[in-house]
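Commentary on secondary and tertiary structure
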Amino acid sequence: MAESRKERARHWQYDELPGVDLLRARYIRKTFVRHTHEHFVIAAIADGVEVFHHGGGDVYAGAGSLALVNPDTPHTGRAGVPEGWRYGAVYPSPDVVAGIAAETTTLRGAPGFVTPVLDDPYTVQLVHQVLRATDEGNALAADTLLRVAVTRLLRLNGGALPRREVRTAGARVAARARAALEERMAGPPTLEQLAAELGTSPFALLRAFRDTYGMPPHTWLTDARVRRARRLLDAGTAPSEAAVAVGFTDQPHLNRHFGRIVGVPPGAYQRERKNVQDARHGRPVPSGAWQWNGQQRSRT
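Now for a description of the structure that goes with this document. What you are looking at is a predicted structure, and each value in this text was computed from that prediction instead of being measured. (Residues numbered from 1 in each chain as written. Predicted model: local features only at pLDDT ≥ 70, side-chain atom pairs only at ≥ 80, totals over all residues. Heavy atoms only, no water.)

**Here's the deal with the overall build of the protein chain**
Quick note on the threshold: Here a helix means four or more residues in a row that DSSP labels H or I, a strand means two or more in a row labelled E, and each is numbered from the N terminus. Only protein chains enter the accessibility calculation, which uses a 1.4 Å probe; a residue whose area is less than 20% of its type maximum is buried, one above 50% is exposed, and one in between is partly exposed. When checking whether two residues touch, look at their non-hydrogen atoms; a contact exists if any pair is within 4.5 Å. The protein chains shown are the only cover counted for residues, whose accessible areas, like all others here, come from Shrake-Rupley with a 1.4 Å probe.
Along the backbone of the protein chain there are ten helices and 13 strands. For the protein chain, with 300 residues in total, the buried portion stands at 49%. Excluding contacts between residues fewer than 6 apart, the proportion of contacts in the protein chain whose partners are at least 24 apart in sequence is 71%. Surface exposure of the protein chain reaches about 14,400 Å², of which carbon and sulfur atoms provide 51%.

Now the structure itself:
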């Protein structure tokens, strides 16, 4: 019984599914702050309930349903019941989803999901079978099941994503502010300094940025820093060096924000990437390992 109350998560990649991240987790007290993903989120709830703020309010995903988030869409995440929630998730890139949509659907434009929650136990099972196939090293099954799952979701809940066009003066200012923050991520200006550089007032900039990107500049910057840190970790940069490179004060600072956005500590995240690299070079790595409180243990 005590074992079932532990939080655990594994965030990994499978070499035979390029462009796809994978996650298996149980969370009880975990709270995900407002953030975005570059990839799609397809989270299959096995037990419990997840609540996440999406659009204008909270939505609930219970057992047998899927939480679906399009790329660059701000959202949060937390438990909706005292026992938390257990789920498996796949994160296919926009290119992966677009390729599947072009081959198996009649959707035009950039494909995406229309609603953030879909009650479909069959696809929930498909997602968990994808994860199981990667554990077993069954590339044919993993690739096939992923394509079937994405095709089914697009047919049940798919549509063309709206094009993001910068039309208003406020949106243009927000885009310039975002570009400035990306360029000066490690040493960003204050809101007042940034507004002065862009020829506007702090509150006008704050309002324009939030209306355009769904979060204030400082929240967006933290999210962007974690994204860049992930790329550095993928490339083999040590977590302590990645933290400083993206503008965090030290590794504990990175650890705190990384865990609240990605769901696992940066060290555990990087170890899984290293396992993929080792497998490419023929080095045996344990299959089906979980991350329990930052330590890797056999799932069996």
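Additional details are given in the paragraphs that follow.
**Notes on the packing of helix α4 (residues 169-183) against helix α6 (residues 202-213)**
Let me state the cut-off plainly: Note on geometry: axes are lines fitted to C-alpha atoms, helical ones only across the stretch in contact, with angles between N-to-C directions running from 0 to 180 degrees. These descriptions rest on fixed angle ranges, namely under 35 degrees for roughly parallel, over 145 for roughly antiparallel, 65 to 115 for roughly perpendicular, and the rest for oblique. The residue classification treats Ala, Val, Leu, Ile, Met, Phe, Trp, Tyr, Cys and Pro as nonpolar and Asp, Glu, Lys and Arg as charged. All others, Gly included, are polar.
α6 packs onto α4 with a crossing angle of 90 degrees between their chain directions and a minimal axis gap of 8 Å. Considering their axes alone, α4 and α6 lie roughly perpendicular with respect to each other. Side by side, α4 and α6 meet where Gly170, Ala171, Val173, Ala174, Ala175, Ala177, Arg178 and Leu181 of the first sit next to Leu205, Ala208, Phe209, Thr212 and Tyr213 of the second. When the residues that make up the contact of α4 with α6 are grouped by side-chain class, the tally is ten nonpolar, two polar and one charged.

**Notes on the pairing of strand β7 (residues 75-79)**
We apply this condition: Two strands qualify as a pair provided that DSSP identifies no fewer than 2 bridges between them.
Alignment of strand β3 (residues 31-35) against β7, held across three bridges, turns out to be antiparallel. Bridging across to β7, His35 finds its partner in His75. Sheet topology note: the strand β4 (residues 41-54)/β7 ladder contains three bridges and is antiparallel. Note that in β7 the partner of His54 across the bridge is His75.

**So, the nonpolar core**
Note the following rule: In this description, a nonpolar core means a group of buried Ala, Val, Leu, Ile, Met, Phe, Trp, Tyr and Cys residues linked to one another through side-chain atoms lying within 4.5 Å.
Tyr27 and Tyr87 are the most contacted members of the largest nonpolar core, which has 46 residues in total. Top contributing element to this core by residue count: helix α7 (residues 217-234), with six residues. Counting residues in each nonpolar core, the second largest holds 29 residues, with Tyr14, Ile42, Ile100 and Leu153 among its members.

**Quick word on the pairing of strand β1 (residues 8-13)**
Of all six residues in β1, five are buried; the element is thus mostly enclosed. Sheet analysis places β1 next to strand β2 (residues 20-27), joined by six bridges and oriented antiparallel. When the sheet's bridge partners are listed, Gln13 is paired in β2 with Asp21. The hairpin turn running from β1 into β2, its antiparallel successor, is six residues long, and Gly19 in that turn takes a positive phi close to 80 degrees.

**Describing the pattern of salt bridges**
Our working rule: We count a salt bridge whenever a side-chain nitrogen from Lys or Arg sits within 4 Å of a carboxyl oxygen from Asp or Glu.
A complete count under the given rule lists 16 salt bridges for this structure. Across the pair Arg24 and Asp135 runs a salt bridge, and its minimum N-O distance is 2.7 Å. One end of the pair, Arg24, is in strand β2; the other, Asp135, is in helix α2 (residues 121-135), and 111 residues separate them in sequence. Relative accessible area serves as the criterion here: at 9%, Asp135 is assigned to the buried category. Between Glu197 and Arg184 there is a salt bridge, with its nearest N and O atoms 2.9 Å apart. Of this pair, Glu197 sits in helix α5 (residues 191-198) while Arg184 sits in the loop between α4 and α5, placing them 13 residues apart in sequence.

**A closer look at α7**
Under the convention used in this document: Working rule for helices: expected span equals 1.5 Å times residues minus one.
The terminal C-alpha atoms of α7, which comprises 18 residues, lie 26 Å apart, in line with the 26 Å expected from a rise of 1.5 Å per residue. Taken together, the buried positions of α7 are occupied by Pro217, Trp220, Leu221, Thr222, Asp223, Ala224, Arg225, Val226, Arg227, Ala229, Arg230 and Leu233. Gly236, located one to two residues past α7, shows a positive phi value of around 100 degrees.

**A look at the packing of aromatic side chains**
For the record, the criterion: Aromatic contacts are taken between Phe, Tyr and Trp rings whose centres are within 6.5 Å, Trp giving its six-membered ring; a plane angle under 30 degrees counts as stacked, one over 60 as edge-to-face, and the others as tilted. For a Lys NZ or an Arg CZ to count as sitting over a ring, it must be within 6 Å of the ring centre and within 35 degrees of the ring normal.
All chains considered together, the criterion is met by eight aromatic pairs. Between Phe209 and Tyr213 the ring centres are 5.0 Å apart and the planes differ by 55 degrees, which places this aromatic pair in the tilted class. Here Phe209 pairs with Tyr213, and both are found in helix α6, just four residues apart, close to one helical turn. Each member of the pair, Phe209 as well as Tyr213, is classed as buried. With a centroid separation of 6.0 Å and an interplanar angle of 75 degrees, the aromatic rings of Phe209 and Trp220 are classed as edge-to-face. On the criterion of sequence distance, the pair formed by Phe209 in helix α6 and Trp220 in helix α7 is long-range, its members being eleven residues apart. Phe209 gets classed as buried once you look at its relative accessible area, which sits at 0%. Taken together, the ring pairs connect Tyr27, Phe32, Trp85 and Tyr87 into an aromatic cluster. The ring of Trp12 carries the charged tip of Arg10 above its face, separated from the ring centre by 4.0 Å.

**Describing unusual backbone geometry**
Despite not being glycine, Asp72 has its phi angle at roughly 60 degrees, a positive value. You can see Asp72 is positioned in the loop between β6 (65-69) and β7.

**Quick look at the environment of Val262**
Along the chain, Val262 falls in the loop between α9 (251-261) and α10 (266-280). For the pair Val262 and Val33, spaced 229 residues apart in sequence, the C-alpha separation works out to 9.9 Å. Excluding residues that lie within four positions of it along the chain, Val262 makes contacts with His11, Phe32, Val226, Arg230 and Tyr269.

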